[in-house]
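Structure assessment
Here is how the chains run, residue by residue.
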Amino acid sequence: DAGITQSPRYKITETGRQVTLMCHQTWSHSYMFWYRQDLGHGLRLIYYSAAADITDKGEVSDGYVVSRSKTENFPLTLESATRSQTSVYFCASRNLGGTEAFFGQGTRLTVV
Amino acid sequence: SQKIEQNSEALNIQEGKTATLTCNYTNYSPAYLQWYRQDPGRGPVFLLLIRENEKEKRKERLKVTFDTTLKQSLFHITASQPADSATYLCALGLGNAGNMLTFGGGTRLMVKP
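Residues numbered from 1 in each chain as written. Chains lettered and ligands numbered in written order. Predicted model: local features only at pLDDT ≥ 70, side-chain atom pairs only at ≥ 80, totals over all residues. Heavy atoms only, no water.

1. Re the sheet that holds strand 7 (residues 62–67) of chain B
Hydrogen bonds between backbone atoms are what pair the strands of a sheet, whose relative direction is either parallel or antiparallel. Residues and elements named next belong to chain B. Applicable threshold: Two strands are counted as paired when DSSP detects at least two bridges linking them. Put simply, DSSP H or I for four residues or longer makes a helix, DSSP E for two residues or longer makes a strand, and each gets a number counted from the N terminus. Lines fitted to C-alpha atoms define the axes, with helix axes restricted to the stretch in contact, and inter-axis angles between N-to-C directions lie between 0 and 180 degrees.
Reading across the sheet, the five strands line up as 1-3-8-7-6 and stay open at both edges, with antiparallel pairing between neighbours. The sheet is open, and its two borders are formed by strand 1 (3–6) and strand 6 (56–59), each paired with just one other strand. Direction aside, the axes of adjacent strands within the sheet are offset by 15° on average. Examined bridge by bridge, strand 1 and strand 3 (residues 19–26) share four bridges and lie antiparallel to one another. Within strand 3, the residue paired with Gln6 across the bridge is Cys23.

As structure tokens, this is what we get:
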């Protein structure tokens, strides 16, 4: 189906484990973003990418790694998960020259 | 410090009334401002955009105003319906040509029948 999809929808992992959250979009949008959403903080930008092989840090990038080898995929990796990374993660995409961001359905990650 | 503030308390209104939500920001110079709707368990969905040189935008029952001097945007829903109940987020377009979206914490709107 066309659109932006995230996987998994729910994930429970242990402290110290590496976890990768997947994001795939079918529009060939240039820009892709990762946000985390926590009560009291709203949506905070973790990383964004303007094109394949171009990524940049956002407000809360420590402990996260991204890659973008293909335009349509933008995986987010937690190198060594911590309890403070328990959150709902949203991926979004936007076309070059556009302003509207399209969001995935989110991944709820729990680190125990 | 840079902040985007939305009323964290829920806004409760009666069906048919106009809901007005506020977004205030400090120490930002956004190229534009957007409003999104978010339902529980879902990602935000774009509603409206207003640029820095625009004062007001309308779309059906929605109206947005943008005052760059006050650093404030107001979001109005006229003739509100229970289906309008959701969390509404404002977002500033920042950086080079507004490439980065920075969000406020959102305001939950409850429309009672």
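Next comes the rest of the write-up.
2. Brief notes about the pattern of salt bridges
Applied cut-off: Criterion for a salt bridge: a side-chain nitrogen of Lys or Arg within 4 Å of a carboxyl oxygen of Asp or Glu. When a residue's accessible area, from a 1.4 Å probe over protein chains only, is under 20% of the maximum for its type it is buried; when over 50% it is exposed; and in between it is partly exposed.
Counted by the stated rule, this structure contains eight salt bridges over all chains. For Arg17(A), the salt bridge is made with Glu14(A), and the minimal N-O distance between the two is 3.5 Å. When its relative accessible area of 44% is taken as the criterion, Glu14(A) is described as partly exposed. Ionic pairing is found between Asp84(B) and Arg61(B), a salt bridge with its closest N-O pair at 2.9 Å. In this pair, Asp84(B) sits in the loop between strand 8 (72–77) and strand 9 (86–94) while Arg61(B) sits in the loop between strand 6 and strand 7, placing the two residues 23 residues apart along the sequence. Asp84(B) sits in the buried class, given a relative accessible area of 7%. Through salt bridges with shared partners, a single ionic network connects Arg36(A), Asp38(A) and Arg44(A).

3. Describing the interface of chain A and chain B
The cut-off we apply is this: Contacts: residue pairs with any heavy atoms within 4.5 Å of one another. Put simply, buried area is how much 1.4 Å-probe accessible surface two parts lose in total, over both of them, once they are put together. Polar contacts, as used here, are pairs of N or O atoms within 3.5 Å; protein pairs need one atom able to donate a hydrogen and one able to accept it. Residues neighboring in sequence count only if both atoms are side-chain atoms.
Facing 17 residues of chain A, the contacting portion of chain B comprises 19 residues. Note on chain A versus chain B: buried area summed over both sides is about 1400 Å², and carbon and sulfur give 55% of it. Across the contact surface, chain A and chain B share zero salt bridges. Across the chain A-chain B interface, the total number found is four residue pairs in polar contact (both at pLDDT 80 or more). Elements that contribute at least two residues to the side of chain A that touches chain B include exactly strand 4 (31–38), strand 5 (42–51) and strand 9 (87–94) of chain A.

4. Here's the deal with unusual backbone geometry
Negative phi is the rule for most residues except glycine; trans is the rule for most peptide bonds. All names here are of chain A. With an omega dihedral of -5°, the bond running from Ser7 to Pro8 counts as a cis peptide bond. Mapping Pro8 onto the fold places it in the loop between strand 1 (4–7) and strand 2 (10–13). At Ser28, a position not held by glycine, the phi torsion is positive, near 65°. With respect to the element layout, Ser28 can be found in the loop between strand 3 (19–25) and strand 4. We note that Asp53 has phi near 70°; this positive angle belongs to a residue other than glycine. Within the element layout of this structure, Asp53 appears in the loop between strand 5 and strand 6 (54–57).

5. What to know about the confidence of the model for chain B
Threshold: Values of pLDDT, ranging from 0 to 100, describe the predictor's confidence in every residue of the model.
For chain B, per-residue confidence averages 92 on the pLDDT scale, and 97% of positions sit at 70 or higher. Taking the mean pLDDT of every element in chain B, the minimum, 87, falls on strand 10 (residues 100–103) of chain B and the maximum, 97, on strand 8 of chain B.

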